[in-house]
Amino acid sequence: MLKVENIRKTFNPGTINEKTALSGVSFHLREGESVSVIGGNGAGKSTLLNAVAGTLTVDSGSVNLGGLNITHLPEHKRAKYIGRVFQDPMMGTAATMQIEENLALALRRGQHRTFRAGITKAERDMFRDMLKILDLGLEDRLTAKVGLLSGGQRQALTLLMASLVKPKLLLLDEHTAALDPKTAAKVMEVTRRIVNRDQLTTLMITHNMRDAIEYGDRLFMMYEGRIVIDIAGEEKQKLTVPDLLELFSKVSGSTEANDKLLMS
Amino acid sequence: MDLISSMLRMMPDAVAQGLIWGIMALGVYITYKVLDYSDLTVDGSICTGGAVAALLILNGVPMAVAILAAFVAGALAGLITALLHTKMGIPPILSGILTQLALYSINLRIMGKAMLAVSVDKFPLLVSVRDQGASCLVGAAFVVVIIALLYWFFGTELGCAIRATGANPNMSRAQGINDNTMKLFGLVLGNGLVGISGALYTQYLGSVTVNMGRGAIVIGLAAVIIGDVLFGKIFRNFSLKLLSVVLGAIIYYMVTAFVIQLGLNTDDLKLFSAAFVTVALFLPYWKDRHHKEKHRKKMMQEGGKADA
């Protein structure tokens, strides 16, 4: 489904702030496969996600999604195929618009926007049912402004928006990092439910090693712009946090890197 | 008593001007509030609308065509600003300033001289300072139709996409909306309305001068802010929010008429406008700071008690 081949990205080339964020990343995701991505600060996790989403363009390499080369497609056109949830709960929704308006905008992702009604009665009923399933107490607040919601509610709503039109790929960029532990757990639960229900191909960055181990079919660990560990199947299921730390220090060749991974 | 009676005499004029400038303020509302784009094109495009309408009226073109042409002329000005920003990467404020400056020359070209007169005696003008009562009715009719159309438009898929772009460009891109295209639509629509306002104001005054739009953006902002401060809490519906902008413009002209009545030199009017808008823009900031300061003091007091 997703084929990333040898992508490279250097920020501020030729200046003293030059930083190589991606130095040749390649991987291939099967349809329905979900991957969690971990790594320290500056390992290139977010750059990787942004390169796939089209928020930034890569210096070289290619990104293929569902047989389509999207390397040079602008962000808003890639959105037709990609659902996204950001780290900052403010990023994924329009705060000054109503819950139902946000959902209606998401329902038209990938479509031409015309002079037809921005939201219909049938859609409202559908949204109400969908929100009821999420169990966040939002089904009776369809016309409330999203700015009034809590961070966790906004992330859950963004998840629903990202999956309203089934995406070929779901990108989750540390989407629980800004939440308190209890809310984070709830949003992870909603994530699991939506991803399982729609069998979504998913790439999830997380800073939480336990989430990384528990969630998904596969685990990437990034270090200095490369995927240094790629574990799947039974091997991943047996993984523990100490295993992961040991693996990381072996790959990075230092023990202080442990702290770097833990602290980030 | 004298003041009150002379104020009352000035009311129809203030209301008529407020309604006409209210249409411009609706354009400013679209760019400034809905799109979150500080668009200074307005100062030029209002005169462009007036100049185009005056030229066409003088050449015997039907009124409806003249008004439509004024809309298109304003819209084109907005299009230029949008292209400067989205295609050439020029910051919003600067893109508007560049268009506005260029429009000064273009407006002179359209008019052929610094002023064009259209007399109500020779042409069937829609509004005129000579008949302020009728002008109020015509102005009100324009406002009602325009608000109704805007209310419909911003409820469509396209209108919602423009609103989303103004509210959160990141989110709109993630939902497949081309935010640059939406900015373009918003600027085109906003300045088109400004063009209509210019066409009506030209008829109201009976002439258009190349300096007509100077400071228009400030009046537009004043109308938006007054409307928001006075009616923001009670008007929730989008159409009422639009109405509050026009009411804001009317109130602005009433206040202006009042201070002139009190003896303000009309040469100082722009200084007054600028000061007025400055205060209006400062108030929310000051309130927020004041609120925080109070909160801090309260916290410290409570903290002190807990320590004791």
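Quick caveat: nothing in here was measured; it's all calculated off a predicted structure. Counting of residues starts from 1 at the beginning of each chain's written sequence and follows it residue by residue. Here the convention is simple: chains get letters from A, ligands get numbers from 1, in the order in which they are written. pLDDT decides what is reported in this predicted model: residues at 70 or higher carry local features, side-chain atom pairs at 80 or more are listed and counted, and totals for whole chains, interfaces and linings draw on all residues regardless. As a rule here, side-chain values come from all non-hydrogen atoms in the structure, and water together with hydrogens is ignored.

Trainee: Help me understand the overall build of chain A in this model?
Mentor: Runs of E in the DSSP output that reach at least two residues are strands. Runs of H or I that reach at least four are helices, and both are numbered from the N terminus. The helix and strand inventory of chain A stands at 10 helices and 10 strands. Relative to its length of 264 residues, chain A is compact, with a C-alpha radius of gyration of 19 Å against a globular reference of 18 Å. Its C-alpha atoms give chain A principal-axis dimensions of about 60 × 40 × 35 Å. When accessible area is computed with a 1.4 Å probe and restricted to protein chains, residues below 20% of their type maximum are described as buried, those above 50% as exposed, and intermediate ones as partly exposed. For chain A, the residues scored as buried account for 52% of the 264 residues in total. Contact between two residues is taken to exist if any of their heavy atoms lie within 4.5 Å; hydrogens are not considered. Long-range contacts, defined here as pairs at least 24 residues apart, represent 67% of the contacts in chain A between residues at least 6 apart. Per-residue and other accessible areas were derived by the Shrake-Rupley procedure at a 1.4 Å probe size, with only the shown protein chains allowed to occlude residues. Split by element, the accessible area of chain A, about 12000 Å² in all, is 50% carbon and sulfur. Asp and Glu are treated as the negative residues and Lys and Arg as the positive ones, with His and the ends of the chain left uncounted. We put the charge of a Lys on NZ, of an Arg on CZ, of an Asp on CG and of a Glu on CD. Computed over 35 positive and 31 negative side-chain charges, the inter-centroid distance for chain A is 6 Å. As defined in this context, the radius of gyration uses C-alpha atoms, and a globule is described by 2.2 Å times the residue total to the power 0.38.

Trainee: Teacher, can you tell me more about the sheet that holds strand β7 (residues 169-173) of chain A here?
Mentor: Across a sheet, paired strands are connected by hydrogen bonds in the backbone, their directions being either parallel or antiparallel. Residue and element names in this part refer to chain A. Overall, mixed pairing links the six strands, which are arranged β6-β7-β8-β3-β9-β10 in an open sheet. Strands at the two margins of the open sheet, each flanked by one partner only, are β6 (82-85) and β10 (226-232). Shown here is a sheet whose adjacent strand axes are inclined to one another by a mean of 20 degrees, direction ignored. Pairing of strand β9 (residues 218-223) with β10 involves six bridges; the strand directions are antiparallel. Note that in β10 the partner of Met221 across the bridge is Ile229. An axis is simply a line fitted to the C-alpha atoms; with a helix, the fit covers only the stretch in contact. Between two such axes, the angle follows the N-to-C directions and lies from 0 to 180 degrees. Contacts between helix α5 (residues 151-164) and the sheet are confined to β6 and β7, with β6 contributing the most and set at about 175 degrees to the helix. Being paired, for any two strands, means DSSP has found at least two bridges between them.

Trainee: Is there a simple way to think about the nonpolar core in this case?
Mentor: Nonpolar side chains in soluble globular proteins tend to be buried together. Ile99, Leu103 and Leu131 of chain A together with Leu26 and Leu150 of chain B are the most contacted members of the largest nonpolar core, which has 117 residues in total. With 13 residues, helix α1 (residues 2-34) of chain B is the largest single contributor of residues to this core. Other than its neighbours up to four places away in sequence, Leu103 of chain A contacts Phe127, Leu131, Leu157, Leu160, Met161 and Leu164 of chain A. In this description, a nonpolar core means a group of buried Ala, Val, Leu, Ile, Met, Phe, Trp, Tyr and Cys residues linked to one another through side-chain atoms lying within 4.5 Å. Formed by 28 residues, the second largest nonpolar core is a distinct cluster that contains Leu169, Leu203, Ile205 and Phe220 of chain A.

Trainee: Which parts of the structure should I look at to understand the interface of chain A and chain B?
Mentor: For an interface, size is often stated in terms of accessible area lost upon the parts coming together. Counting from both sides, the interface comprises 29 residues of chain A and, opposite them, 20 residues of chain B. Defined in terms of a 1.4 Å probe, buried area is the accessible area two parts forfeit on being brought together, summed over both. Together chain A and chain B conceal approximately 2100 Å² of surface at their shared face, both sides included; 58% is due to carbon and sulfur atoms. In terms of surface lost to chain B, no three residues of chain A exceed His76, Arg113 and Phe115 of chain A, which account for 30% of the buried area on that side. Whenever a carboxyl oxygen of Asp or Glu lies within 4 Å of a side-chain nitrogen of Lys or Arg, that contact is scored as a salt bridge. In this structure, the connection of chain A to chain B is made through four salt bridges. Between Glu75 of chain A and Arg173 of chain B there is a salt bridge, and its shortest N-O distance comes to 2.8 Å. Taken together, the elements giving at least two residues each to the side of chain A that touches chain B come down to α2 (75-78), β6 and α3 (99-107) of chain A. Ranked by residues supplied to the side of chain A that touches chain B, first place goes to α3 of chain A with four residues.

Trainee: In this structure, what is going on with the pattern of salt bridges? I would like to understand it.
Mentor: Between side chains of opposite charge, a pair can form as their charged atoms come close. For the structure on display, the rule yields 20 salt bridges over all chains. Close ionic contact of Lys292 of chain B with Asp288 of chain B constitutes a salt bridge, the shortest N to O distance being 3.3 Å. Of this pair, Lys292 of chain B and Asp288 of chain B both sit in helix α11 (residues 269-307), four residues apart, roughly one helical turn. Judged by its relative accessible area of 53%, Lys292 of chain B falls in the exposed class. One connected set of salt bridges, linked through shared partners, spans Arg30, Glu33, Arg218 and Asp230 of chain A.

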